[in-house]
2 protein chains.
Amino acid sequence: MLPYDSLIVVDKENQLPIYKQITNRLIGLIQKGLIPPGTFFPGTRQMAELITVNRKTIINAYEELLTEDWIESIDRKGYRVTPELPVIKPRSFQPPSHFSSTGYVSSEGLILQCPPQPEHRDTKSSDIVVNDGFPDPELAPFKEISKIYRDKGISSRIKQLMCLRDQGGLPLLKDAAALFLNETRGLNIKKDDIVITRGAQMAIYITATVLLSKGDHVVVTEPNYVFANDIMENAGAYITKIGIDEEGPDMDQLDQILKKSPIRMLYIVPHHHHPTTITMSAARRQKLLKLIEQYGFYVIEDDYDYDFYYKNSPILPLASAPHHGKIIYIGSFTKLLAPSIRIGYLIAAPDIVKKAIALKRLIDLRGDTFIEYMLAQMIINGDMARHINKSNKLYSHRCDFICNLLTQKLSHAIEFTKPLGGMAVWLKFKSRFPINRILNDASHAGLCMIGMPFRRPGDPNDNGIRFGFASLSEEEMTKAVDILVKITS
Amino acid sequence: MLPYDSLIVVDKENQLPIYKQITNRLIGLIQKGLIPPGTFFPGTRQMAELITVNRKTIINAYEELLTEDWIESIDRKGYRVTPELPVIKPRSFQPPSHFSSTGYVSSEGLILQCPPQPEHRDTKSSDIVVNDGFPDPELAPFKEISKIYRDKGISSRIKQLMCLRDQGGLPLLKDAAALFLNETRGLNIKKDDIVITRGAQMAIYITATVLLSKGDHVVVTEPNYVFANDIMENAGAYITKIGIDEEGPDMDQLDQILKKSPIRMLYIVPHHHHPTTITMSAARRQKLLKLIEQYGFYVIEDDYDYDFYYKNSPILPLASAPHHGKIIYIGSFTKLLAPSIRIGYLIAAPDIVKKAIALKRLIDLRGDTFIEYMLAQMIINGDMARHINKSNKLYSHRCDFICNLLTQKLSHAIEFTKPLGGMAVWLKFKSRFPINRILNDASHAGLCMIGMPFRRPGDPNDNGIRFGFASLSEEEMTKAVDILVKITS
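Scoring rules and cut-offs
- Residues numbered from 1 in each chain as written.
- Chains lettered and ligands numbered in written order.
- Predicted model: local features only at pLDDT ≥ 70, side-chain atom pairs only at ≥ 80, totals over all residues.
- Heavy atoms only, no water.
- Patch = residues over 30% accessible without salt bridge, like charges linked within 9 Å, V, L, I, M, F, W, Y side chains within 5 Å.
- Areas by Shrake-Rupley, 256 points an atom, 1.4 Å probe, with all protein chains shown as cover.
- Salt bridge = Lys/Arg side-chain N within 4 Å of Asp/Glu carboxyl O.
- Lys, Arg positive; Asp, Glu negative; His and termini not counted.
- Charge placed at Lys NZ, Arg CZ, Asp CG, Glu CD.
- Helix = DSSP H or I, 4+ residues; strand = E, 2+ residues; numbered from the N terminus.
- Buried < 20%, exposed > 50% of the residue type's maximum accessible area, 1.4 Å probe, protein only.
- Pairing = 2+ DSSP bridges.
- Contact = heavy atoms within 4.5 Å.
- Axes fitted to C-alpha atoms, helices over the stretch in contact; angles between N-to-C directions.
- Phe/Tyr/Trp six-rings, centres within 6.5 Å; stacked < 30°, edge-to-face > 60°.
- Lys NZ or Arg CZ within 6 Å of the ring centre and 35° of its normal.
- Left-handed = near helix turned anticlockwise from the far one by under 90°.
- Nonpolar A, V, L, I, M, F, W, Y, C, P; charged D, E, K, R; others polar.

Turning our attention to a positive patch on the surface. On the surface, Lys-143, Lys-147, Arg-150 and Lys-152 of chain A together with Lys-143, Lys-147, Arg-150 and Lys-152 of chain B cluster together to form a positively charged patch. At the level of elements, α5 (142-150) of chain A together with α5 (142-150) of chain B are the ones that each hand at least two residues to the positive patch. Residue position: Arg-150 of chain A is located in helix α5. Taking relative accessible area as the criterion, Arg-150 of chain A reaches 39% and is therefore assigned partly exposed.

So this is what it looks like as structure tokens:
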């Protein structure tokens, strides 16, 4: 409630009757926008107490405002400022508001641009939305979350835990995550090697911010996960790009770069590369491990969807081989569960972990204790393994389905390689179908593709977008492809 | 599951029987720690398929391992690596693990130290934990969260929303927050003036990172919210400190500083200062607004617990007065609800908002859609106002209770001023009770105070810690104070 007692000051020596002073003052506040349209006034009794006048005076004031249509009476709810009221003469609180800056904001050394992204396309509920590769929220453990919030015993324990100081994640979850990662990825880590973050995104941000300084040299692939590039640039680094072919990132190019000048860090997605979904070959992995040993640069290994694979077993992460603390391994439970359950992690050498925990605390004091607890339980009681199995079967089926559809119906317009795992197909449109035009036309036809479109200036082959299939039913995939057929025919 | 098919390679030309090759290989993997103690093996049928041998071969291999006590059989669950197994001859995957760094981490230009903090004190469940000023989780809307996760209609809508690209918070929540802030704080803002963050902490981090560059000059109070200082230093700024007395931060000192050299930013907590809980006087506020106009520096107004006040109405924020976009107003719903419900916000000029949204996306792709939705509903349906009323009554009562206790029992050891609102009392211990010794003794006596102790070198008067009363029952407060009495007598 507004502090009416300080906003409305009654002057008993004034010739105007008190109720009229109050009326005028309230009109003034409404006009200035201080009391916005739709706001309910305090009841007459409460208002009278607030500004220490007789209740009758307030009733008179409200009646005056009613007569002048400033407020309206709502049955059993009281009086509110008329919602349709045109705000007359906006003054100090209206735009150009106090929040219109006159100073400059961008400051030296800070590179922070909005990444190149599709314009915000408002979606209608009838539209089909195709994302970048999200898990299907229908499989997500929302019922389990609901239960944990309801369960008296658990929630009383969680209420204690949430009041303790966070040290990079709930200890129970760090333990469980270590178990999970050791079992699935051939790592041999312990609780204290892990920092829990809000999704892999925060893990990349924290790692880059801890390790990079202005002027540092970072190598990434082209194309690459765009927000990773933005993070490196935001940390003050300059970026050199290496190519990627069907065997993964080009290690010869990396070798050439290293021969010329030292680099501080490589950001790489060896398992299912983003956006192309390409898996790095064993030979290239070996070559990379040798280069790390030879030149001693840091590597962010972003392994965001290790757990979904349809044909072969997954390839163990680079971080499972000896690397002398140079690899920072990053992953995400978000990709296993749902976009809103934002839990990722970074695994690194003790000195990096220590700095990461300190930086995380400055960014985000603690995580969501309920969600972290629920996730730890899922891992420990085996629900996570069952969830991954179930998801894998469904997504594998959907992967087959979309790839068949694309081959049958869209070969005139696109090229693609069936991914070995993950949640998206990398659609490369032929050069006569510029990706931005495709997205625009699709949007008008009821298909909203919210992934990041990739188009490399001067390279007609790089004209693509990811098609996330994991969260779509067969009906939705069919509709989406039919729209793409329609706009490319 | 581990990729056994790539880990176990059978050599048919080898003289050893195949089952023995598999046995030896598995022992090797267990010894190296690649298969940690407690890991369940795949069933015999699945393992046989994985490495394409006869199932009987696997049964033989497992039996060999059982005989040698490498694994044990668990009824209806299968075989697992013996949990008590001493890991023999740890090699490549054991510590010193791959994550032991050999390189240096701290890099030029990056100031990132663990803040001075009390040592981690392990708490027993019998201990009384006194925090820095958290809301009582018993009042938190956890049942409502549970409901939203269960409700089919709502959760199907939320599942759509969580897949859309985040633009600084759920639009519904930004609308509701604008309504809430306009009604309670005399602001006149709209949805697009707000960025939703993970608590006020992330709002401070983002604002400072967007606005500050290396070498910028920032003014803060002494003492101050320690993590705010760390954020400023992490952003490369250097800090000058001004004092604070019973009327709030010393504006004459600020004036003196400004006369000598420009500053880029002031970080201030005018309402209930952290840690001292002092409310800035009207005269000082006016003086500050004049200085902002005259010198044009940015101000972070951290108003983390505006909504709790016990004697007077709250004082409207600085940001409700004209400030030409120079004030960034920061607040938190976390302080209203529970430490684990991390939702804060920043309100700023459009150019800052734009950059804040872009930086937020790099740090944290999206918020928790369920929690953001629930919070918006609470504001719109009036539950938030009722929750605040209820909390205010309870906390006001607890504030009276603790202050009476402190006066009666602890006057020999402390000084304090009863706060006008908020969730903590600032306890200044007399100089013969050094705060770190007090915390240590308290900890041994079963009282864990997890706030940040403040002690200014050379200033015997600055020797304090916040005592958060809002989340404690009368019984807990009595016990806590009795322990403080005991260790100071």
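Structure's up, so let's keep going.
Next up on the list: the sheet that holds strand β17 (residues 463-468) of chain B. Residues and elements named next belong to chain B. Spatial strand order, β13-β14-β17-β16: four strands in an open sheet with antiparallel pairing. The sheet terminates laterally at β13 (414-415) and β16 (454-455), the two strands that pair on one side only. Note: strand β14 (residues 424-429) against β17, five bridges, orientation antiparallel. The residue of β17 that forms the bridge with Ala-424 is Gly-468. Sheet strands in contact with helix α15 (residues 435-444) are β14, β16 and β17, and its direction is about 45° off that of β17.

It is worth spelling out the environment of Leu-187 of chain B at this point. By secondary structure assignment, the location of Leu-187 of chain B is in the loop between α7 (171-185) and β4 (194-197). Along the backbone, Leu-187 of chain B and Leu-316 of chain B are 129 residues apart, and their C-alpha atoms lie at a distance of 8.7 Å.

Moving on, we come to the packing of aromatic side chains. One pass over the full model with this rule turns up 24 aromatic pairs over all chains. When the centroid spacing of 4.7 Å and the interplanar angle of 55° are considered together, the rings of Phe-370 of chain A and Phe-142 of chain B count as tilted. Of the two residues, Phe-370 of chain A sits in helix α13 (residues 369-380) while Phe-142 of chain B sits in helix α5, which places them in two different chains. Chaining the aromatic ring pairs together yields one cluster made of Phe-142, Tyr-149 and Phe-370 of chain A together with Phe-142, Tyr-149 and Phe-370 of chain B. In this structure, Lys-326 of chain A packs its charged tip against the face of Tyr-298 of chain A, placed 4.3 Å from the ring centre.

A separate point is the sheet that holds strand β6 (residues 238-242) of chain A. Residue and element names in this part refer to chain A. Pairing is mixed across the open sheet formed by seven strands, whose spatial order is β4-β12-β11-β10-β9-β5-β6. At either margin of the open sheet sits one strand with a lone partner, and together these are β4 (194-197) and β6. On average, adjacent strands in this sheet sit at an angle of 20° to one another, irrespective of strand direction. Bridge count between strand β10 (residues 298-302) and strand β11 (residues 327-332): four bridges; the pairing is parallel.

Let us now look at the packing of helix α15 (residues 435-444) of chain A against helix α16 (residues 474-488) of chain A. How two helices sit against one another is set out by the angle between their axes and by the gap between those axes. Residues and elements named next belong to chain A. Packing of α15 against α16 brings their axes to within 10 Å, and their N-to-C directions diverge by 115°. Where α15 crosses over α16, the two elements pack in a sense that is right-handed. On α16, the residues touching Ile-438, Asp-441 and Ala-442 of α15 are Ile-483, Leu-484, Ile-487 and Thr-488. For the contact of α15 with α16, the residue count by class is five nonpolar, one polar and one charged.

These figures capture arrangement, not role.
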